[in-house]
Amino acid sequence: QVQLVESGGGLVQAGGSLRLSCAASGRTIWNDVMGWFRQAPGKEREFVAAIDPSGGGTYYADSVKGRFLISRDNARKTVYLQMNSLKPEDTAVYFCAADTKRAYPHALIAGYDYWGQGTQVTVSS
């Protein structure tokens, strides 16, 4: 099993930046696809970004492409989400997740086996 803990959320003004971290414990995540998702109040959870086990392949939602960057440090068992040019519509609880079965980044929520508890990101206008 793997435990995932997100951190780095907070309150930021529109146009600002935040860097989220997702720390894994319990076992290595070297072979896992890692993803970031978000859920705004009253809305369904949605895909944000994903990265393959090596870190060489990434996939982004159209809404964040060019503004967010996903990366990973397998030695530290940590995945990052650098969020730039933040908009009020980016306000949500952000979750990281691990897919232990696939080797390619993807947006399928049901394909991720482990989830963190989430970290709140609030962007003020």
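For the structure, check the block above.
All residue numbers here refer to positions counted from 1 along the written sequence of the relevant chain. It should be noted that, the model being predicted, local features are given only for residues of pLDDT at least 70 and side-chain atom pairs only at 80 or more, the latter also being counted only at that level, while totals for whole chains, interfaces and linings use all residues. Excluding hydrogens and water, the side-chain figures rest on all heavy atoms present in the structure.

Asks: Explain the overall build of the chain to me, and be specific about the residues and the numbers.
Replies: Within the chain, the regular secondary structure consists of zero helices and 11 strands. For the chain, the spread of C-alpha atoms along the three principal axes comes to 40 × 25 × 25 Å. For the chain, with 125 residues in total, the buried portion stands at 46%. Residues are treated as being in contact if the distance between any of their heavy atoms lies within 4.5 Å. Relative to all contacts within the chain whose residues are 6 or more apart in sequence, the contacts with residues 24 or more apart total 59%. In this tally, Lys and Arg are treated as positive and Asp and Glu as negative; His is ignored, and so are the chain termini. Think of each charge as sitting on NZ of Lys, CZ of Arg, CG of Asp or CD of Glu. Positive and negative charge centroids in the chain, built from 13 and 11 side chains respectively, lie 3 Å apart. Only runs of H or I of at least four residues qualify as helices and only runs of E of at least two qualify as strands under DSSP, and these elements are numbered from the N terminus. The buried label applies to any residue whose accessible area, calculated with a 1.4 Å probe on protein chains only, is under 20% of its type's maximum; exposed applies above 50%, and partly exposed to all values in between.

Asks: Go over the state of the cysteines, please, and point to the residues and values.
Replies: Covalent bonding between the sulfur atoms of two cysteines defines a disulfide. Cysteine sulfur atoms that pair up within 2.5 Å are treated as a disulfide. Evaluated as defined, the whole model comprises one disulfide. One disulfide in the model links Cys22 with Cys96; its S-S distance is 2.0 Å. In this structure the cystine formed by Cys22 and Cys96 twists about its S-S bond by roughly 50°; its chirality is therefore right-handed. Highlighted residues: Cys22 in strand S3 (residues 18-25) and Cys96 in strand S9 (residues 92-99), separated in sequence by 74 residues. For Cys96, a relative accessible area of 1% translates into the label buried.

Asks: Run through the packing of aromatic side chains, naming residues and quoting values.
Replies: Centres within 6.5 Å make a pair out of two Phe, Tyr or Trp rings, where for Trp the six-membered ring is used; the pair is then stacked when the planes are under 30 degrees apart, edge-to-face when over 60, and tilted otherwise. A full pass over the atoms with the stated rule returns five aromatic pairs. Aromatic ring contacts, followed pair by pair, group Phe37, Phe47, Tyr59, Tyr112 and Trp115 into a single cluster. Arg45 extends its terminal NZ or CZ atom over the ring of Phe95, reaching a point 3.8 Å from the ring centre. In this analysis the charged atom, NZ for Lys or CZ for Arg, is taken to sit over a ring once it is within 6 Å of the ring centre and within 35 degrees of the ring normal. Just above the ring of Trp115 sits the side chain of Arg45; from NZ or CZ to the centre is 4.9 Å.

Asks: Run through the nonpolar core, naming residues and quoting values.
Replies: Working definition of a nonpolar core: buried Ala, Val, Leu, Ile, Met, Phe, Trp, Tyr and Cys residues. They are joined through side-chain atoms within 4.5 Å. Membership of the largest hydrophobic core comes to 35 residues, with the highest contact counts inside it found for Trp36, Leu81, Met83 and Tyr94. Sorting the residues of this core by element identifies S3, strand S4 (33-39), strand S5 (46-51), strand S7 (68-73), strand S8 (78-83), S9 and strand S11 (119-124) as the ones contributing at least two each.

Asks: Can you lay out the sheet that holds S8 for me, pointing to particular residues and giving the numbers?
Replies: Two strands are said to pair when DSSP picks up at least two bridges between them. Read from one edge of the open sheet, four strands run S1-S3-S8-S7, paired in antiparallel fashion. The open sheet has two free edges, formed respectively by strand S1 (3-7) and S7, since each of these has just one partner strand. Strand-to-strand twist in this sheet, taken as the mean axis angle between neighbours without regard to direction, amounts to 15°. Pairing between S1 and S3: five bridges, direction antiparallel. Only the stretch in contact is used when fitting a helix axis, every axis being a line fitted to C-alpha atoms; angles between N-to-C directions are given from 0 to 180 degrees.

Asks: Lay out the environment of Ser21 in plain terms, naming residues and giving numbers.
Replies: In this structure, Ser21 sits in strand S3. Spatially, the C-alpha atoms of Ser21 and Leu4 are 9.9 Å apart, while their sequence positions differ by 17 residues. Here Ser21 is in contact with Val5, Glu6, Ser7, Trp36, Thr78, Val79 and Tyr80, once residues within four sequence places are set aside.

Asks: Break down unusual backbone geometry for me, with residues and values.
Replies: Backbone geometry at Lys77 places phi at a positive 55°, although glycine is not the residue there. Summarising the element assignment, Lys77 is placed in the loop between S7 and S8. With a relative accessible area of 25%, Lys77 lands in the partly exposed category. A positive phi angle is found at Ser85, which is not glycine, with a value near 50°. Following the sequence through the fold, Ser85 ends up in the loop between S8 and S9. For Ser85, a relative accessible area of 41% translates into the label partly exposed.

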